[in-house]
Amino acid sequence: MEVPHRAAKSPPLRPFDPDHPSTAADPYPGYRLLREQDPICHLPDHDLWLVTRHADVVEVLSDPGRFSSQLGMGAVPRVHAPRSVDYRIGAPGVRVLIATDPPEHTRLRRAVFAPFSRSAVTRLTPRIEEIARGLVAGLLANAEDGTADVYRDLAAPLPVLVLAELLGVSAEVRDEFMEWAAVITDDLDMIGSPEFRLGRGYDMFRYFYSEIRRRKQEPGDDLLSAVAATDAAGLSNHEVLAFCAFLLVAGVETTANLFTNIIDILFRHPEVLQRLWAAPELAEAVVEESLRYDTSVQGLWRAPVAEDRLGGVALPAGGRLLVLFGSANRDDEVFADAATFDLERSPNPHLAFGYGHHRCLGAGLAKAELVVALKALIEATGGIMPRGRPVRRNSLVLRGFTTQPVTVWPR
C-alpha cells in the first residue's frame with residue numbers, strides 16, 4: 001500500500017542566543033530561522049525585540065516618528081543584560097548624531113555634512129591612495145618574516161589616518177586614535193576593566209577638548225572645526241566631546257571591520273579572489289556585495305515612541321528593538337539566492353549603511369577607503385592567503401576580525 005505523501009515540516013525554532021560563540025561566529029543561519037518562523041522575535045531574558053526581515057527593518061528606519069533612535073540608542077543598559085547586546089552612546093542625556101531624532105538630528109547632521117560630501121571625498125581620495133600604498137608596503141615587509149596581519153597592518157590604521165586627515169590633526173596621534181577607538185568599542189561590548197576604559201577615555205577627551213578650543217579660535221575647513229561649530233546647533237561642551245568619541249567608532253572601527261570581512265569573504269570564495277586579482281576593476285563590485293553579504297554593523301537600536309505594531313506583532317512603548325541590518329541583507333524576499341555571494345547582483349538594496357534619516361553620513365568615504373585599499377593590495381601583491389587562525393570580534397552588533405594573519409607576496 002502506498003504511503004501518503006506528507007509535506008515536510010519546518011524544523012522547530014531553536015532559541016536564538018545572541019551570547020553564544022556560534023552566533024558571533026556565524027549569525028546568518030539563526031537569522032534565517034527567525035525570518036522564517038519568528039521575524040519579530042522577543043528575547044525575554046534580554047528584554048529585547050529582534051527585527052529580522054528587510055521590509056520590517058525598512059519600515060522601522062523610515063519612520064523616526066514611530067521608532068525613535070533617541071529612545072533606542074540612548075537607553076541606559078540594564079543591569080542583567082548580557083554584554084553582547086548591551087549598548088549605549090555617551091552618558092544619559094548626552095546627544096550625539098546617532099542617538100537623536102528629527103528635527104534635532106537633521107540640524108546636527110547638516111552642521112557636519114560638508115567634510116563627508118561627494119566632492120570632499122573626491123578631493124581626499126588621492127591622499128587615501130597614498131596612505132593605502134604605504135600601509136600595503138608595510139604589510140609586505142612584515143610578510144617577509146611571517147608576521148603580516150591584515151587587521152593590524154592595513155585595515156585598522158587606514159581609517160585612523162584618513163580620520164586624522166579629515167579632522168585636520170597630525171598623523172602623529174594615530175596610535176592614540178587607535179587606542180581610543182578600541183576603548184570606545186570595548187565599552188560597547190563591556191570588555192576590559194572599567195578603570196582602564198575610564199583612564200584612556202580621559203586622555204581622549206582631554207585631547208579633543210584642547211583641539212576644539214583651538215578650532216573655535218582658529219577655524220579651518222576640517223571636520224574638527226565643523227564639530228567645534230556644533231555648539232551653535234545647541235550642543236553642550238560634553239556633547240561636542242561625545243560627538244568626537246562617536247566619530248572614532250563610526251569612522252574607524254566599522255571600516256576596519258568591513259575590510260577584514262571582505263578579506264575573509266575572498267578566502268571563502270577563492271574563485272572571486274582569483275577574478276579580482278586578474279581584474280582589479282572588480283573592486284567596487286566586491287565591496288558592494290561584501291557590504292550586503294557580511295556587513296560590520298549587524299544592527300542598531302530603536303524604540304517605539306508609543307504602543308505599536310510591526311509585522312503583526314504588538315510592541316510596547318519604549319521597548320528596545322535591535323534592528324538587524326545583517327539579517328535584512330540576507331532576506332530571500334528581496335535578494336535572489338541571498339546566501340550566495342554574487343558579484344553581478346543588481347539591484348542591491350542592502351542596508352549596510354542603514355536607511356532613511358540615519359543612513360550613514362560617512363558611507364561614501366567608507367566605500368572609497370575600502371575600494372582604494374583593496375586596489376592597493378591587488379596592485380602591489382601577487383596574491384594573498386590565510387596564515388594561522390584569525391580572531392573574530394566577540395559581538396553580535398560589531399562584526400569583524402581583530403587578528404587576521406596572512407601570507408602575501410609582491411607582484
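Our structure is the block above this text.
Residues numbered from 1 in each chain as written. Predicted model: local features only at pLDDT ≥ 70, side-chain atom pairs only at ≥ 80, totals over all residues. Heavy atoms only, no water.

As a further point, take the packing of helix 8 (residues 157-167) against helix 12 (residues 237-268). At a closest axis distance of 9 Å, the pairing of helix 8 and helix 12 adopts a crossing angle of 145°. Between helix 8 and helix 12 lies a crossing of right-handed hand. Taken together, the residues of helix 12 that come into contact with helix 8 (itself represented by Pro 159, Val 160, Leu 163 and Leu 167) are Leu 247, Leu 248, Gly 251, Val 252, Thr 255 and Ala 256. Residue composition of the contact of helix 8 with helix 12, by class: eight nonpolar, two polar and no charged. (Axes fitted to C-alpha atoms, helices over the stretch in contact; angles between N-to-C directions. Helix = DSSP H or I, 4+ residues; strand = E, 2+ residues; numbered from the N terminus. Left-handed = near helix turned anticlockwise from the far one by under 90°. Contact = heavy atoms within 4.5 Å. Nonpolar A, V, L, I, M, F, W, Y, C, P; charged D, E, K, R; others polar.)

For Ser 117, the position within the fold is in the loop between helix 5 (104-111) and helix 6 (118-143). Judged by its relative accessible area of 12%, Ser 117 falls in the buried class. At 3.2 Å, the side chain of Ser 117 forms a polar contact with the side chain of Ser 119. (Buried < 20%, exposed > 50% of the residue type's maximum accessible area, 1.4 Å probe, protein only. Polar contact = N/O pair within 3.5 Å; in protein donor to acceptor, adjacent residues only side chain to side chain.)

Strands sit in the order 1-2-7-4-3 across an open sheet of five strands; the sheet is mixed. In the strand order of this sheet, the two ends are held by strand 1 (40-43) and strand 3 (67-68), each with one partner. Bridge count between strand 3 and strand 4 (residues 299-304): two bridges; the pairing is antiparallel. Within strand 4, the residue paired with Phe 67 across the bridge is Pro 304. (Pairing = 2+ DSSP bridges.)

By the definition in use, this model includes 20 salt bridges. With a closest N to O distance of 2.9 Å, Asp 56 and Arg 53 form a salt bridge. The exposure class of Asp 56 is buried, given its relative accessible area of 5%. Residue Arg 53 is classed as partly exposed on the basis of its relative accessible area of 28%. Arg 268 serves as the salt-bridge partner of Asp 264, at 2.9 Å between the closest nitrogen and oxygen. Taken as a pair, Asp 264 and Arg 268 lie in helix 12 at a separation of four residues, close to a single helical turn. A relative accessible area of 9% places Asp 264 in the buried class. What makes Arg 268 exposed here is its relative accessible area of 60%. A single network of salt bridges, built from pairs that share partners, joins Glu 211, Arg 214, Arg 215, Glu 218 and Asp 222. (Salt bridge = Lys/Arg side-chain N within 4 Å of Asp/Glu carboxyl O.)

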